[in-house]
Amino acid sequence: MKTNDGPKTGVTNDDARRDAVDAFVNSLKRRRHDAPAKTMLPEDIEIVTRLVERDEDPAALFTQTATTVGVNVHSATTADWLDVVAKLLQEHQAKDAAIPPVGDGFFEAERVEQLKQRLVADGVAAKSETDDETLFSVDMAITGVAAAIAETGTIACEARPIIARGSSLIPPVHIAVVAAEQLLPDLCDYFNVLSKRSELPADASLITGPSKTADIEGVLVTGVHGPATVHVVLVRES
Amino acid sequence: MSAKKSDFRQRIAAGMADRRVIRAVHQATFHKVETVADALSLLRNHQELRDLAARIKQHTLENLPGYLEQFISACERNGTRVHFAADAAAAREIICEIARVSGSKLAVKSKSMTTEEIHLNEALEAAGVRTVETDLGEFIVQIDHDRPSHIVSPIIHKDRQQIARALVRETGCDYTEDPTELTAVARKHLRDVFRHCDLGITGVNFAVAETGTICICTNEGNGRMTTTRPRVHVALLGIEKLVPRLRDLPVFLKLLARSSTGQPLTVYTTLITGPKRPADPDGPEQVHVVLLDNGRSEILGGPFIEVLRCIRCGACLNACPVFRNIGGHAYGSVYPGPIGSLVTPLLSGIVAHAELPRASSLCGACRDACPVKLDIPGLLVKLRARTCNRQPLTKRMGMTIWKWIMRSPTMFGCVQRSMRWFLRPDRDGWISNGPGPAGEWTKVRDLPPPPKKSFHRRWREEWADED
Ligand code: SF4
């Protein structure tokens, strides 16, 4: 290991840093040399791990599981989804809302445009910026999702060049619009999808319910750091 | 050593005397045990799943150098910088250096037992970096200058009045005892911190060798905040946290939350693969992983290797009748409860913590609760054996005599008969003052009087000729 160039932690010296890591792994190798590995890596793990079969109706199951974890699920069709979203905005008396970029799951260009127009018509400011000023002040965020998981009532939000992590995290209310085709039966299915990608997103977050704590005397409270309220609008082809 | 021992006894006596803490811990754990049992009953292959989890982890540990290599090169591909820390001091030094080089002044931490293990907060503060715990429970612990008492529910020992007083003192808010309002106060206070922080520090629940992905599970969302808001993210990773493949994760994720709190999945399960891509709107510009050894490679090569399978779900704490009666503080170690009684002596010295593995009734409730099938009682006995020769001379002599008696049927019979003489019940029918050395034992327990006839004799008289 080089000791004289730069501090010994190697934080500012990539070579020293890598040398230290390699030296450790090599020392482990030498130490474990004569202890033969006995346990095989199980291959067929999905047989045991899968809880929901592919032929089950994921929409019905998702509605049930998501409700159990505290998500408000609203069913809609491609014809009336805007009304469902608009009604939620009204119920929360939102003055403004962060809106999704084009290409965020359900939100094709035309749908983003429709959403914008509807918000303006209803007197809600539609914010497409994702800077701190916006995300820390808006009343709610509307987003698409990368996938949803019926087994656990989970929505998956992935960071992409157009999609900010903060949108599904910082505002106090989160409305996620999920196309029925995006539903996966089991958690295993999501990981199978991820495994097949050539590149993983820098952040993929599985969100199962509103932000929660039971730290104070075991009493359940929502909205500690993430949204206190999560709505999923589940849209079927009409 | 004897000073340590009496410390330990005193802490236990104090723990047993604190009715309020006992009630709080009882209430919280009993409720949890029920929810967890319900959640696990919905897993149709629960036992097979535990078996699978245990095997995947065991396999990874037995082949750790190879998987570490894989993980490290995947990280380098993703742009994650990997550091190595041989011990707690080295880890502190690296993290402080990262803070210094990146010019960080305000650090946020999401709950992590591993950072507790290296006592990071004090070091960062000393280096001029304000460090704020963001898990609600850990935040209360921090502003109250207390210590966490449970690996999943850090303030299980506090009531709402204590929490309210701490928050009023720290934030100047109006006094309230309502948990929802108290949480809102903390949220508001910590939002401001999240908005301006520049360094995020997390532990890691699982690290995937094939992709260099780290997985962080939180319910409050502080894990996701900590990996989203600051410019720099440092993840402290105990080398035992590796799993081989991305598709192994569901096995553990399905067990972790169900065994821990009875949820199907923690609310936020965040998978981080490298720093933000150049065009991503938010996320950290730098991701550092600090690989921590701190005694783990020693365990890896020895008979206690299984201990490293632990996924820190806390189920063994909730299942344990001892823990439920004294809470976590009496253990006097970073990792409390059954798993702590194994990990603490193994990581920080068997001799210094010789009492911990002995403070268990070996009932086995923890083993049955553990999602990775750790044989905690069996391992505790193995650990006890390691410090046998450090027991007091009288105890060792006693054990030798005991062995001698137990090996000879004649001796055994003699002693059995004489016991009826020595052990006289009190008026209530129990023996609460044993003679001689037995007095120590009966100080805290009562013994039923020996029966009139021994089992041997009854067998001979009543059943022996029946077959
Ligand atoms: S030993 Fe088992 S039950 Fe205890 S925390 Fe670890 S994984 Fe959970």
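Residues numbered from 1 in each chain as written. Chains lettered and ligands numbered in written order. Predicted model: local features only at pLDDT ≥ 70, side-chain atom pairs only at ≥ 80, totals over all residues. Heavy atoms only, no water.

### Here's the deal with unusual backbone geometry
Moving on, step 1. For A:Glu217, which is not glycine, the phi torsion reads 50° and is therefore positive.
Moving on, step 2. Mapped onto the secondary structure, A:Glu217 falls in the loop between β10 (212-213) and β11 (221-222).
Moving on, step 3. A:Glu217 sits in the partly exposed class, given a relative accessible area of 36%.
Moving on, step 4. The residue B:His119 is not glycine, and still its phi comes out positive at about 50°.
Moving on, step 5. With respect to the helices and strands, B:His119 occurs in the loop between α6 (113-117) and α7 (120-126). (Helix = DSSP H or I, 4+ residues; strand = E, 2+ residues; numbered from the N terminus. Buried < 20%, exposed > 50% of the residue type's maximum accessible area, 1.4 Å probe, protein only.)

### Here we look at the environment of A:Ser195
Moving on, step 1. Mapped onto the elements, A:Ser195 comes out in helix α7 (residues 187-196).
Moving on, step 2. Assessed through its relative accessible area of 34%, A:Ser195 is described here as partly exposed.
Moving on, step 3. For the pair A:Ser195 and A:Gly226, spaced 31 residues apart in sequence, the C-alpha separation works out to 27 Å.
Moving on, step 4. Filtering out sequence-adjacent residues up to four positions away, A:Ser195 remains in contact with B:Leu246 and B:Arg247.
Moving on, step 5. A distance of 2.7 Å separates a polar atom in the side chain of A:Ser195 from the backbone oxygen of A:Phe191. (Contact = heavy atoms within 4.5 Å. Polar contact = N/O pair within 3.5 Å; in protein donor to acceptor, adjacent residues only side chain to side chain.)

### Notes on a nonpolar patch on the surface
Moving on, step 1. Together, B:Met399, B:Trp402, B:Met406 and B:Phe412 make up a nonpolar patch on the protein surface, roughly 430 Å² of accessible area in all.
Moving on, step 2. Among the structural elements, B:Met406 can be located in helix α19 (residues 393-407). (Patch = residues over 30% accessible without salt bridge, like charges linked within 9 Å, V, L, I, M, F, W, Y side chains within 5 Å. Areas by Shrake-Rupley, 256 points an atom, 1.4 Å probe, with all protein chains shown as cover. Salt bridge = Lys/Arg side-chain N within 4 Å of Asp/Glu carboxyl O.)

### Details of the confidence of the model for chain B
Moving on, step 1. Residue-level pLDDT values for chain B average 89, and 98% of them are 70 or greater.
Moving on, step 2. Note on the complex model: pTM 0.90, ipTM 0.94. (pLDDT = per-residue confidence, 0-100.)

### Brief notes about the domain arrangement of chain B
Moving on, step 1. If you check the domain split of chain B, you get domain 1 (1-42 + 315-391), domain 2 (59-297) and domain 3 (393-466).
Moving on, step 2. Taken over C-alpha atoms, the centre of domain 1 of chain B sits 29 Å from the centre of domain 3 of chain B. (Domains from an automatic or database assignment.)

### Here's the deal with the pairing of strand β10 (residues 286-292) of chain B
Residues and elements named next belong to chain B.
Moving on, step 1. Along β10, six of the seven residues are buried, which leaves the element largely enclosed by surrounding structure.
Moving on, step 2. Here five bridges tie strand β1 (residues 81-85) to β10, and the two strands are oriented parallel to one another. Paired with phenylalanine 84 across the two strands is leucine 291, which belongs to β10.
Moving on, step 3. Sheet topology note: the strand β7 (residues 232-238)/β10 ladder contains seven bridges and is parallel. (Pairing = 2+ DSSP bridges.)

### As for the site of the ligand
Moving on, step 1. The immediate surroundings of the ligand are formed by 13 residues, with B:Cys310, B:Cys313, B:Gly314, B:Cys316 and B:Cys370 found nearest.
Moving on, step 2. A class-by-class count of the residues in the shell around the ligand yields eleven nonpolar, one polar and one charged. (Near = heavy atom within 4 Å. Nonpolar A, V, L, I, M, F, W, Y, C, P; charged D, E, K, R; others polar.)

### Notes on the interface of chain A and chain B
Moving on, step 1. Contact with chain A, which involves 84 residues of that partner, is made by 99 residues of chain B.
Moving on, step 2. Linking chain A with chain B are 15 salt bridges.
Moving on, step 3. Here A:Arg31 and B:Glu298 are joined by a salt bridge, their closest N and O atoms 3.2 Å apart.
Moving on, step 4. In this structure, the connection of chain A to chain B is made through 46 residue pairs in polar contact (both at pLDDT 80 or more).
Moving on, step 5. In terms of residues, the side of chain A that touches chain B owes the most to one element, helix α1 (residues 14-31) of chain A, which gives ten residues.
Moving on, step 6. Of the residues belonging to the side of chain A that touches chain B, the class tally is 43 nonpolar, 19 polar and 22 charged.
Moving on, step 7. Sheet analysis places strand β9 (residues 203-207) of chain A next to strand β9 (residues 268-272) of chain B, joined by five bridges and oriented antiparallel. Within β9(B), the residue paired with A:Ser205 across the bridge is B:Thr270.

### Observations concerning the packing of helix α8 (residues 136-143) of chain B against helix α9 (residues 160-171) of chain B
To describe two helices that pack against each other, one gives the angle between their axes and the distance between the axes.
Residues and elements named next belong to chain B.
Moving on, step 1. Packing of α8 against α9 leaves a shortest axis separation of 10 Å and a crossing angle of 70°. Considered as vectors, α8 and α9 are oriented roughly perpendicular to each other. Viewed along their axes, α8 and α9 form a crossing whose handedness is left-handed. On α9, the residues that touch Phe139, Ile140 and Ile143 of α8 are Ile163, Ala166, Leu167, Arg169 and Glu170. (Axes fitted to C-alpha atoms, helices over the stretch in contact; angles between N-to-C directions. Parallel < 35°, antiparallel > 145°, perpendicular 65-115°, else oblique. Left-handed = near helix turned anticlockwise from the far one by under 90°.)

### Considerations on the side chain of B:Thr176
Residues and elements named next belong to chain B.
Moving on, step 1. Turning to its location among the elements, threonine 176 is positioned in the loop between α9 and α10 (179-196).
Moving on, step 2. One polar contact links the side chain of threonine 176 to the main-chain amide nitrogen of aspartate 178, over a distance of 3.1 Å.
Moving on, step 3. In this structure threonine 176 touches Ala164, Glu181 and Leu182, once residues within four positions along its chain are discounted.

### Re the pattern of salt bridges
Moving on, step 1. Counted by the stated rule, this structure contains 44 salt bridges over all chains.
Moving on, step 2. For A:Asp189, the salt bridge identified is with A:Arg54, shortest N-O distance 3.7 Å. Within this pair, whereas A:Asp189 is found in helix α7, its partner A:Arg54 is found in the loop between α2 (45-49) and α3 (58-68), the two being separated by 135 residues in sequence.
Moving on, step 3. The class of A:Asp189 is buried, set by a relative accessible area of 7%.
Moving on, step 4. A:Glu151 is the partner of B:Lys254 in a salt bridge, and the nearest nitrogen-oxygen pair spans 3.0 Å. Linking B:Lys254 in helix α12 (residues 249-260) with A:Glu151 in the loop between β5 (147-149) and β6 (154-158), this pair reaches from one chain into another.
Moving on, step 5. Its relative accessible area of 7% is what places A:Glu151 among the buried residues.
Moving on, step 6. Three or more residues joined by partner-sharing salt bridges are found here, namely A:Asp14, A:Arg17, A:Arg18 and B:Glu76.

### A closer look at the environment of B:Gly429
Moving on, step 1. For B:Gly429, the position within the fold is in the loop between α20 (409-422) and α21 (438-442).
Moving on, step 2. Through-space distance from the C-alpha of B:Gly429 to that of B:Pro449 is 7.2 Å; in sequence the pair is 20 residues apart.

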